[in-house]
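Remarks on the overall topology
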Amino acid sequence: MRTLRLVGMAIVAVIMCVNFAACSDDDDEDTPNNPLIGTWKEDVADGEISMIWKFNADGTGTEQEINTGEPEELYSFTYTYDSKTSILVVNYGEYNGEDEIDSYDVTINGNTMTTKDRDYGYETTWKKTK
């Protein structure tokens, strides 16, 4: 009887060890994979007016127009990006008493991003610089 109890305890100990070893840290699955993070420059011909978007991991960003090679005023925004639907929503804050919000369908292929404005349908191609 004593041997049977010892064998039973050993089996329980093995099962507990296997159980704990099978559990891994799942925190990395909760961390959103945001391919937008970084700096994106509008892909236009040299000399044309272009835009630069910078997306931060904390949901903030900046937009800056480049006109004849010179940077213009920097605008701050907040954004959300849904990786399942590939929808980007940019909120520039209040302008003329209303929130200025733009939304885009986003396609990312390596260091190239294409955005399609959900209201007006125009498409823009961006290249990741950082």
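Everything below is about the structure shown above.
Notes on the structure in this doc start here. (Residues numbered from 1 in each chain as written. Predicted model: local features only at pLDDT ≥ 70, side-chain atom pairs only at ≥ 80, totals over all residues. Heavy atoms only, no water.)

**Considerations on the sheet that holds strand β7 (residues 112-117)**
The cut-off we apply is this: The criterion for strand pairing is that DSSP finds at least two bridges linking the strands in question. Think of it this way: any DSSP run of H or I at least four residues long counts as a helix, any run of E at least two long counts as a strand, and we number them from the N terminus. The convention used is that axes are lines fitted to C-alpha atoms, helices contributing only their stretch in contact, and that angles between N-to-C directions extend from 0 to 180 degrees.
Reading around the barrel, the 8 strands line up as β1-β2-β3-β4-β5-β6-β7-β8 and close back on themselves, with antiparallel pairing between neighbours. Each neighbouring strand pair of the sheet contributes to a mean axis angle of 35°, computed without reference to strand direction. As paired elements, strand β4 (residues 70-82) and strand β5 (residues 87-95) share 5 bridges and run antiparallel to each other. Considered in β5, the bridge of Tyr-81 is made with Leu-88.

**Notes on the pairing of strand β1 (residues 38-42)**
Put simply, the test is: Each residue's exposure class comes from its accessible area (1.4 Å probe, protein chains only) as a fraction of the maximum for that residue type: buried when under 20%, exposed when over 50%, partly exposed otherwise.
With 4 of 5 residues buried, β1 lies mostly within the body of the structure. Of the strand pairs in this sheet, β1 and strand β2 (residues 50-55) are connected by 4 bridges, and their pairing is antiparallel. Note that in β2 the partner of Gly-38 across the bridge is Phe-55. Pairing of β1 with strand β8 (residues 123-128), which is carried by 3 bridges, proceeds in the antiparallel orientation. If you follow Glu-42 over to β8, its bridge partner there is Trp-126.

**Digging into the environment of Leu-36**
We apply this condition: The contact criterion used throughout is that any non-hydrogen atoms of two residues lie within 4.5 Å.
Here Leu-36 is to be found in the loop between α2 (27-30) and β1. Residues Leu-36 and Ala-57 lie 21 residues apart in sequence; the distance between their C-alpha atoms is 8.7 Å. Every residue in contact with Leu-36, bar those within four places of it in the chain, is listed here: Phe-55, Tyr-79, Tyr-81, Leu-88, Val-106, Ile-108 and Met-113.

**Thoughts on the packing of aromatic side chains**
The line we're drawing: Between rings of Phe, Tyr and Trp, where Trp is taken as its six-membered ring, a pair exists when centres lie within 6.5 Å; planes separated by under 30 degrees are stacked, by over 60 edge-to-face, and by other angles tilted.
Scanning the entire structure with this criterion turns up 7 aromatic pairs. Considering the side-chain rings of Trp-53 and Trp-126, the 4.3 Å spacing of their centres and the 15° angle between planes classify their relative orientation as stacked. Of this pair, Trp-53 sits in strand β2 while Trp-126 sits in strand β8; the two residues are 73 residues apart in sequence, bridging distant segments of the chain. The exposure classification of Trp-53 matches that of Trp-126, with both residues buried. Ring centres 6.4 Å apart and planes at 70° place the aromatic pair Phe-77 and Tyr-79 in the edge-to-face group. You'll find Phe-77 and Tyr-79 in the same group, each marked buried. Aromatic rings pair up to connect Trp-53, Phe-55, Phe-77, Tyr-79, Tyr-92, Tyr-104 and Trp-126 into one cluster.

Fair warning: the whole summary comes from geometry, so function is off the table for now.
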